[in-house]
Amino acid sequence: MAILLIETATTVCSVALGADGHIAAKRETDQPNAHSSKMNVFVGELFDETGLKPSDLTAVCVSGGPGSYTGLRIGVSGAKGLCYGLNIPLIAVPTLENMAAGYYQLHPDYGGLVCPMIDARRMECYTAIYNSALSEEKTVAADIIEAGIYDRWLDSGSVVFVGDGAEKCRDVLGAHPNARFDTAYRISAVHMLPIAEARLRDGKTEDVAYYEPFYLKDFVAKKSTVRGLR
């Protein structure tokens with residue numbers, strides 16, 4: 001079983017190829033605005049490195065949001081194109097769930113909660129809170145971060161905050177003794193593999209024609225700052 005894994009919902013562009021339960025190859029960059037120029041190049045490099053062909057794929061798994069509107073569109077469009085052309089299933093994994101899964105995979109002895117945070121500008125973040133079984137203790141939301149907002153969970157034990165929204169919230173949330181911050185943690189497509197395999201086994205796939213990522217907030221177009229396009 002071979003699954004192509006695509007994570008483009010945040011500032012990181014990450015693509016990996018899972019084969020028979022392990023990661024055969026991966027490519028990642030946090031270069032700004034690189035998703036459109038790098039994602040398909042990375043996919044080609046993965047096939048070259050592993051010797052696999054697109055026709056060897058069992059499914060494609062994509063990070064389903066919330067996150068960057070543009071990043072999600074790039075990842076989902078690429079995944080749907082491959083699935084349609086190859087007539088294989090599309091799997092979607094919530095981006096925040098992938099972030100939590102990655103943290104628990106890297107820290108198997110950690111028994112507390114994980115709060116992944118995606119920067120949504122100013123003091124707003126896309127967040128949820130997960131336990132080690134990847135069940136939501138707090139549902140996905142766009143939260144305005146303020147003192148005491150997560151005390152209900154912090155009062156019960158350790159909560160580690162991860163993601164590109166975590167660092168900017170440290171001053172607001174860090175006073176609580178149970179708050180921990182792992183700002184070195186970085187989202188990756190590789191962490192989706194166990195979830196993708198389980199969803200494929202359980203038949204939890206998406207409609208290739210009609211699937212849309214979870215944007216959480218409506219896209220608001222802004223006036224271009226590029227000279228000549230104003």
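These notes cover the structure that comes with them. (Residues numbered from 1 in each chain as written. Predicted model: local features only at pLDDT ≥ 70, side-chain atom pairs only at ≥ 80, totals over all residues. Heavy atoms only, no water.)

With that settled, the discussion passes to the side chain of Thr 127. As for its placement among the helices and strands, Thr 127 is situated in strand S7 (residues 124-130). Discounting chain neighbours no more than four positions away, the residues touching Thr 127 are Leu 96, Cys 115, Pro 116, Met 117, Lys 138, Thr 139, Val 140, Ala 141, Asp 143 and Tyr 150. (Helix = DSSP H or I, 4+ residues; strand = E, 2+ residues; numbered from the N terminus. Contact = heavy atoms within 4.5 Å.)

Spatial strand order, S8-S7-S6-S9-S10: five strands in an open sheet with mixed pairing. One side of each edge strand has no neighbouring strand; the edge strands of this open sheet are strand S8 (136-144) and strand S10 (179-182). Between one strand axis and the next, the sheet turns by 20° as a mean value, whatever way the strands run. Summarising the sheet, strand S6 (residues 113-119) and strand S9 (residues 159-162) pair through four bridges and their orientation is parallel. What sits directly across from Val 114, in S9, is Val 160. Most of the contacts of helix H3 (residues 95-106) go to S6, to which it runs at about 130°, and overall it touches S6, S7, S8, S9 and S10. (Pairing = 2+ DSSP bridges. Axes fitted to C-alpha atoms, helices over the stretch in contact; angles between N-to-C directions.)

Moving on: the environment of Ala 209. Tracing the sequence through the fold places Ala 209 in the segment after helix H6 (193-201). The class for Ala 209 is exposed, based on a relative accessible area of 58%. In sequence terms Ala 209 and Thr 29 are 180 residues apart; their C-alpha atoms lie 29 Å from each other. (Buried < 20%, exposed > 50% of the residue type's maximum accessible area, 1.4 Å probe, protein only.)

Strand order in the open sheet made by the five strands is S3-S2-S1-S4-S5, with mixed pairing throughout. The open sheet has two edge strands, strand S3 (22-29) and strand S5 (90-93), and neither has a second partner. Pairwise comparison of adjacent strand axes, ignoring direction, gives a mean angle of 15° for this sheet. As judged from the four bridges shared by strand S4 (residues 59-63) and S5, these two strands associate in the parallel manner. When the sheet's bridge partners are listed, Ser 63 is paired in S5 with Val 93. Lying on the sheet, helix H1 (residues 35-50) is in contact with strand S1 (2-7), strand S2 (13-19) and S3; it crosses S3 at an angle near 150°. Of the strands in this sheet, S1, S4 and S5 are in contact with helix H2 (residues 69-86), which crosses S4 at around 170°.

Our focus in this paragraph is the packing of H1 against H2. Where H1 contacts H2, the axes come no closer than 10 Å and their chain directions differ by 25°. Looking at the two axes, H1 sits roughly parallel to H2. Every pair of crossing elements has a handedness; the one defined by H1 and H2 is right-handed. Across from His 35, Ser 36 and Met 39 in H1, the residues of H2 making contact are Gly 71, Ile 74, Gly 75 and Gly 78. (Parallel < 35°, antiparallel > 145°, perpendicular 65-115°, else oblique. Left-handed = near helix turned anticlockwise from the far one by under 90°.)

In this section: the environment of Leu 173. With respect to the helices, strands and loops of the structure, Leu 173 is situated in helix H5 (residues 170-173). A C-alpha to C-alpha distance of 47 Å links Leu 173 and Asp 56, two positions 117 residues apart in sequence. Excluding its chain neighbours within four sequence positions, the residues that come into contact with Leu 173 are Met 117, Ile 145, Glu 146, Ile 149, Tyr 150, Phe 161, Ala 179 and Phe 181.

With that out of the way, let us pick up the packing of aromatic side chains. Tallied over the full model, the rule gives seven aromatic pairs. Ring centres 5.2 Å apart and planes at 25° place the aromatic pair Phe 161 and Phe 181 in the stacked group. Of this pair, Phe 161 sits in strand S9 while Phe 181 is found in strand S10, placing the two residues 20 residues apart along the sequence. Neither Phe 161 nor Phe 181 differs from the other in exposure class; each is buried. One aromatic cluster is present, formed by Tyr 103, Tyr 104, Tyr 110 and Tyr 185 through successive ring pairs. (Phe/Tyr/Trp six-rings, centres within 6.5 Å; stacked < 30°, edge-to-face > 60°.)

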